[in-house]
Amino acid sequence: MKSLRWHVILGCAALLAVGPASQAQQGRAFSVGYCYPAGCQQGATSEHIIAGQFLNNVTNVFVTGAGVQAVITDYFKATTQGEARQLQMELERLFQKRRFLMTKDPSLGKIKGVKGGKAGKPGKSLLPPATPEDLAKKYANATWTDADDKRVAEIRKKLATVVRRPANPAISELVTVQITAAPDAAPGPREIRLGTANGLSNPLVFCVGQLPEFSEKASRVIVEQKSAVAKTAFGPKSTKARPEIPVKLPATVNGQILPGEVDRYRFTAAKGQKLVMAVAARQLIPYISDAVPGWFQATLSLYDSKGKELAYDDDFRFNPDPVLYYEIPADGEYVVEVKDSIFRGREDFVYRITIGETPFITSIFPLGGHVGEKTTVELKGWNLPATTLKLDDATQAPGIHSISVRKDNHVSNFVPFAVDKLPECLAEKSHGGKSHVQRVTLPVIINGRIEKADDSNVFHFDGKAGDRIVAEVMARRLNSPLDSVLKLTDATGNQIAFNDDNTDKGAGLTTHHADSYLTATLPKDGAYLLRLSDTQHKGGPEYAYRLRLSAPQPDFALRVVPSSINARVGTTVPVTVYALRKDGFTGDIAIALKKASGFKLAGARIPAKEDKVKVTLTMPPTPRSEPVTLQVEGRATINGQEVARAAVPAQDMMQAFEYRHLVPSQELQVAVTGRAASKISPVKVVGDMPVKIPAGGTVSFKIAASSKDKTFSKKLHLELAEAPDGIAIKKVSPSGNGMEILLESDAAKVTPGQKGNLLVGAFPPKPAKTPKAKSAPGKAGPTTMLPAIPYEIVQK
């Protein structure tokens, strides 16, 4: 059994230095909703807008990867009516002062006032009446200064941006940034975050491209958006095509779709050019919480100079972002048009369209290969440099990796490629239009394709009674359009198991989980047949799959949420770690930080059978000038062997008011802010861990500070944060140089064997109640958290 000892800021001076909880701890963390343009060109400098909420103290911009630098140049926030009223009163006081001073010095001259406006009725003053005697006394020693002139101008500017209520508060504040990408900056998606003295924002996708970029200047767009913050969220559904924008190919065009808008780009092309027009919209903002279906659903059309539609697409197979390929039939001018499928629009409907004779991979085969071996991959697509690609998987760990090709130094789109350790084979082609039965030996990964509509592949294997087998398809998760269905029968056709779709929480960008997964216990010795087909009766060369047929391969993957963590020096914050268990793995998973000097995890274990746990991360005692990238690892014993898996940072994103997804991020970044802590009181939980709580009973445990601090129990108020159902703190009492915490549980709501972590928030002491005391408008968050305390429910 283990006891816990951690360093936590608990001294009174430290509490005052920390002040209110950080934004992240209070739940009022500033956030960002979109970046426009959502990318830049290698070797160029460009202006961009990042929109969000609570951005007034932003000081830095951080972009992952090397070769990209960014600086902040401007900030805008619309003025609310409450703020406008206060500004109007301040302005009237300035005018009042000016008018009084003019009675002494007429040479000052008049300044034009603001009569009424959005803050009050026309001609009606917001100030109380004042007699000449009152004014003479108030402004007896006053003078008019340049600072007064400057303040009048500032107030007038703010009053010009008054809104009753922003249509989308989460994206109502705008920061303008200047971004420079080095000529050798690697192309592809990055992450961009804003930073303040209190920490980091959530990440947004930001792309580094190779083609010349076309977009409206941020200075012009910001003017449009300042006037748009008070409009309705989606506006009227009336189409309004803006003036066509001329572009020269190849190019990347950037835009935003506001309500009812249609954007059109005109370009010149020559006969025989094979153009790829690929939209990135949902790729940039995967989910929008308050929009249905939960993202900007772009459509793409190509017209000739006479307005005839030549091509149209509203998605690329199952991917929402459309892609067009078109061979130009004649020299001339052409127009590409982008809009929302049902003419919605708002500021975060941003997009990028690459247009040119660029390489684009539409499918590969096989979809993966064996660890340590070389794999020849068949490529299909447009403007590709070759029809095959040789991959060396000798250095690749098992998992899903990205591959691409280059032509004329242009990098293609990235496609997934799986690597595994199990034996592999190719599916045999069917003959004569009939399903072919192929013998296989388990374990095996079969690389195959549903070659044509209404086709199916059937695999024969021998099994014994009691054998546990798993059949899993990897297709949709590897960019194949296959919507698989699996059916397991015995040799006589009796169905044993069937599956169509299986949800994989690790595939955070997938909304239709079309890959199949089944597990079954074989009832007898003999032959078995597994049939794989497409549930929509489709097929073709691109309908590829990887079918794993084996005994269960227990394993796990991890997700760490959130991917931006903010806290002050020495404080402790909660972090959620999700366990994505595979093939029936139910064991404990130990969690640890890798190479994270000064950071400490507590409660770092996901109990057996649980799919998530709240742990705590304690910051080092000194601040960091830059965000720190942390790596989290999970370890478990599986079939007698220790297995280690890297945790993937993720954001818990909401789609369309209801659905939630764990969307992977590139990095887990932590901002450690505040002043270096001068007083750190070592605190430990006295006794063995986990704390064992009787079902329906009580248990007490102590936390103790160093012997030098005898009074910290008087400086803190402790409460459970996100308490497990049925567990509560009944009483907290001073105990020597620490506290005794009495826990109670409700037998009707807890289960013996239940395990997890208790998160305890440390609040400033509650003020003494007085007859005249007023209730606070809202409860502040904890100053810090205590390190997570493991618990277990036991029989009373």
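What counts and what doesn't
Residues numbered from 1 in each chain as written. Predicted model: local features only at pLDDT ≥ 70, side-chain atom pairs only at ≥ 80, totals over all residues. Heavy atoms only, no water. Helix = DSSP H or I, 4+ residues; strand = E, 2+ residues; numbered from the N terminus. Buried < 20%, exposed > 50% of the residue type's maximum accessible area, 1.4 Å probe, protein only. Contact = heavy atoms within 4.5 Å. Areas by Shrake-Rupley, 256 points an atom, 1.4 Å probe, with all protein chains shown as cover. Pairing = 2+ DSSP bridges. Axes fitted to C-alpha atoms, helices over the stretch in contact; angles between N-to-C directions. Core = buried A, V, L, I, M, F, W, Y, C linked by side-chain atoms within 4.5 Å. Phe/Tyr/Trp six-rings, centres within 6.5 Å; stacked < 30°, edge-to-face > 60°. Lys NZ or Arg CZ within 6 Å of the ring centre and 35° of its normal. Salt bridge = Lys/Arg side-chain N within 4 Å of Asp/Glu carboxyl O. Disulfide = S-S within 2.5 Å. Left-handed = near helix turned anticlockwise from the far one by under 90°. Nonpolar A, V, L, I, M, F, W, Y, C, P; charged D, E, K, R; others polar. Expected span 1.5 Å × (residues − 1). Arc of directions from axis to C-beta. Polar contact = N/O pair within 3.5 Å; in protein donor to acceptor, adjacent residues only side chain to side chain. pLDDT = per-residue confidence, 0-100.

## Concerning the overall build of the protein chain
Phase 1 of the analysis: For the protein chain, the helix and strand inventory stands at 6 helices and 61 strands.
Phase 2 of the analysis: Across the 796 residues of the protein chain, 49% fall into the buried class.
Phase 3 of the analysis: Long-range contacts, defined here as pairs at least 24 residues apart, represent 71% of the contacts in the protein chain between residues at least 6 apart.
Phase 4 of the analysis: On the protein chain, roughly 37800 Å² of surface is accessible, and the fraction owed to carbon and sulfur atoms is 51%.

## Re the environment of S201
Phase 1 of the analysis: You can see S201 is positioned in the loop between β11 (199-200) and β12 (204-209).
Phase 2 of the analysis: Residue classification places S201 among the buried positions, given a relative accessible area of 0%.
Phase 3 of the analysis: Remark: the alpha-carbon pair of S201 and F62, spanning 139 residues in sequence, is separated by 9.8 Å.
Phase 4 of the analysis: Beyond its immediate sequence surroundings of up to four residues, S201 is in contact with F30, V32, R193, L194 and S564.

## Here's the deal with the sheet that holds strand β2 (residues 31-36)
Phase 1 of the analysis: What the 4 strands build is an open sheet, ordered β2-β4-β9-β6; its pairing is antiparallel. Since the sheet does not close on itself, it has two edges, and those belong to β2 and β6 (68-77), each with one partner. Geometrically, the sheet is characterised by an average inter-axis angle of 25° between neighbouring strands, direction not taken into account.
Phase 2 of the analysis: Across 9 bridges, the pairing between β6 and strand β9 (residues 173-181) is antiparallel. Each bridged residue has a counterpart across the sheet, and for V71 the counterpart in β9 is Q178.

## Brief notes about the nonpolar core
Phase 1 of the analysis: Counting residues in each nonpolar core, the largest one holds 42 residues, and the members touching the most others are Y34, F267, M277, L300, L302, Y351 and I353.
Phase 2 of the analysis: Looking at this core, the elements that each hand over two or more residues are β2, β4 (45-53), β17 (261-269), β18 (274-280), β19 (298-304), β21 (323-327), β22 (332-340) and β23 (350-356).
Phase 3 of the analysis: Those residues in contact with M277 that lie beyond four places of it in its chain are L300, L302, P322, V323, L324, Y326, V336, T354 and I355.
Phase 4 of the analysis: Core analysis: the second largest hydrophobic core is formed by 31 residues, V560, V613, V628 and V670 among them.

## Observations regarding the packing of aromatic side chains
Phase 1 of the analysis: Tallying each qualifying case throughout the model produces 11 aromatic pairs.
Phase 2 of the analysis: Their ring planes at 15° and their centres at 4.9 Å tell us that F296 and F349 sit as a pair that is stacked. A residue pair is termed long-range when its members are at least 10 positions apart, and F296 in the loop between β18 and β19 and F349 in the loop between β22 and β23 qualify at 53 residues. Taken as a pair, F296 and F349 share a single burial class, namely buried.
Phase 3 of the analysis: Site record: aromatic cluster; members linked through ring pairs are F316, Y325, F360 and W382.
Phase 4 of the analysis: In this structure, R264 packs its charged tip against the face of Y303, placed 5.3 Å from the ring centre.
Phase 5 of the analysis: One cation-aromatic arrangement involves R449 over F365; the distance from NZ or CZ to the ring centre is 4.1 Å.

## Concerning the sheet that holds strand β33 (residues 437-439)
Phase 1 of the analysis: Read across the open sheet, the 5 strands follow the order β33-β35-β40-β37-β38; overall the sheet is mixed. The sheet terminates laterally at β33 and β38 (495-499), the two strands that pair on one side only. Put simply, the sheet's adjacent strands are angled 20° from each other on average, direction ignored.

## Brief notes about the pairing of strand β45 (residues 589-594)
Phase 1 of the analysis: Sheet analysis places β45 next to strand β47 (residues 605-606), joined by 2 bridges and oriented antiparallel. Within β47, the position partnered with I589 by the bridge is I606.
Phase 2 of the analysis: Here β45 pairs with strand β49 (residues 628-638) via 5 bridges, running antiparallel. Counted as the bridge partner of A592 is E633 from β49.

## Side note on unusual backbone geometry
Phase 1 of the analysis: In this structure, P293 follows V292 across a cis peptide bond, with omega equal to 10°.
Phase 2 of the analysis: You can see P293 is positioned in the loop between β18 and β19.
Phase 3 of the analysis: Of note, the bond from F365 into P366 is cis; its omega dihedral lies within 30 degrees of zero at -5°.
Phase 4 of the analysis: Along the chain, P366 falls in the loop between β24 (360-365) and β25 (368-370).
Phase 5 of the analysis: In the Ramachandran plot, H537 falls in the positive-phi region, its phi being about 60° despite a non-glycine side chain.

## Focus on the pattern of salt bridges
Phase 1 of the analysis: Evaluation of the coordinates by the stated rule reveals 31 salt bridges.
Phase 2 of the analysis: The shortest N-O distance in the salt bridge between E83 and K77 comes to 3.8 Å.
Phase 3 of the analysis: Residue R645 is joined to D555 by a salt bridge in which the shortest nitrogen-to-oxygen separation is 3.0 Å. Highlighted residues: R645 in strand β50 (residues 641-655) and D555 in strand β42 (residues 555-561), separated in sequence by 90 residues.
Phase 4 of the analysis: Overlapping salt bridges, with partners in common, bring together E472, R477, D504, D515, R548 and D583 in one network.

## Some words on the state of the cysteines
Phase 1 of the analysis: All chains considered together, the criterion is met by 0 disulfides.
Phase 2 of the analysis: There is no disulfide at C35, and the cysteine sulfur nearest it, in C40, is 9.1 Å away.
Phase 3 of the analysis: Take C35: its relative accessible area is 4%, and that puts it in the buried class.

## Things to note about the pairing of β18
Phase 1 of the analysis: The buried fraction of β18 amounts to 6 of the 7 residues, a majority that puts the element mostly inside the structure.
Phase 2 of the analysis: Sheet topology note: the β18/β21 ladder contains 5 bridges and is antiparallel. Among the inter-strand pairings, M277 is bridged to a residue of β21, identified as L324.
Phase 3 of the analysis: As paired strands, β18 and β23 are joined by 5 bridges and run antiparallel to one another. Looking at the pairing, A280 lines up with R352 of β23.

## As for the packing of helix α3 (residues 81-104) against helix α5 (residues 146-159)
Phase 1 of the analysis: Interhelical geometry of α3 versus α5 gives an angle of 145° and a closest axis separation of 10 Å. Both α3 and α5 take part in a crossing whose hand is left-handed. Here α3 contributes A84, L87, Q88, E90, L91, L94, F95, K97 and R98 to the contact with α5, which in turn contributes D148, D149, R151, V152, I155, R156, K158 and L159.
Phase 2 of the analysis: Considering only residue class, the contact of α3 with α5 consists of 8 nonpolar, 1 polar and 8 charged.

## Describing α5
Phase 1 of the analysis: Its 14 residues place the ends of α5 20 Å apart at the C-alpha level, agreeing with the 20 Å of an ideal helix rising 1.5 Å per residue.
Phase 2 of the analysis: Taken as a whole, α5 has its buried residues at D148, V152, I155 and L159. Down the axis of α5, the buried side of the element spans an arc of 70°, and every buried residue falls inside it. Across from the buried face of α5, at angles greater than 90 degrees, the exposed residues are D146, A147, K150 and K157.

## What about the side chain of S456?
Phase 1 of the analysis: Relative to the assigned elements, S456 resides in strand β35 (residues 456-463).
Phase 2 of the analysis: Within the structure, the side chain of S456 is placed 2.9 Å from the side chain of R531, a separation counted as a polar contact.

## Let's talk about the confidence of the model for the protein chain
Phase 1 of the analysis: With 86% of its residues at a pLDDT of 70 or more, the protein chain shows a mean pLDDT of 87.
Phase 2 of the analysis: In the model, residues 1-27 has pLDDT below 50 throughout and makes 86 contacts with residues more than four positions away in sequence or in other chains.
Phase 3 of the analysis: Every residue in residues 113-122 is under pLDDT 50, and counting partners more than four places away or in other chains gives 18 contacts.

## With respect to the environment of L547
Phase 1 of the analysis: Tracing the backbone shows L547 in strand β41 (residues 544-550).
Phase 2 of the analysis: For the pair L547 and L532, spaced 15 residues apart in sequence, the C-alpha to C-alpha distance is 8.8 Å.
Phase 3 of the analysis: For L547, the contacting residues outside a window of four places in its chain are V444, I445, I446, F459, A471, E472, V473, L486, L530 and L532.

## A word on the environment of P574
Phase 1 of the analysis: Residue placement: P574 occurs in strand β44 (residues 572-582).
Phase 2 of the analysis: Classification of P574 by relative accessible area gives partly exposed; the value is 28%.
Phase 3 of the analysis: Expressed as a C-alpha distance, the spacing of P574 and A788, which sit 214 residues apart in the sequence, is 8.2 Å.
Phase 4 of the analysis: P574 has contacts with V615, T616, L759 and M785, leaving out every residue within four places of it along the chain.

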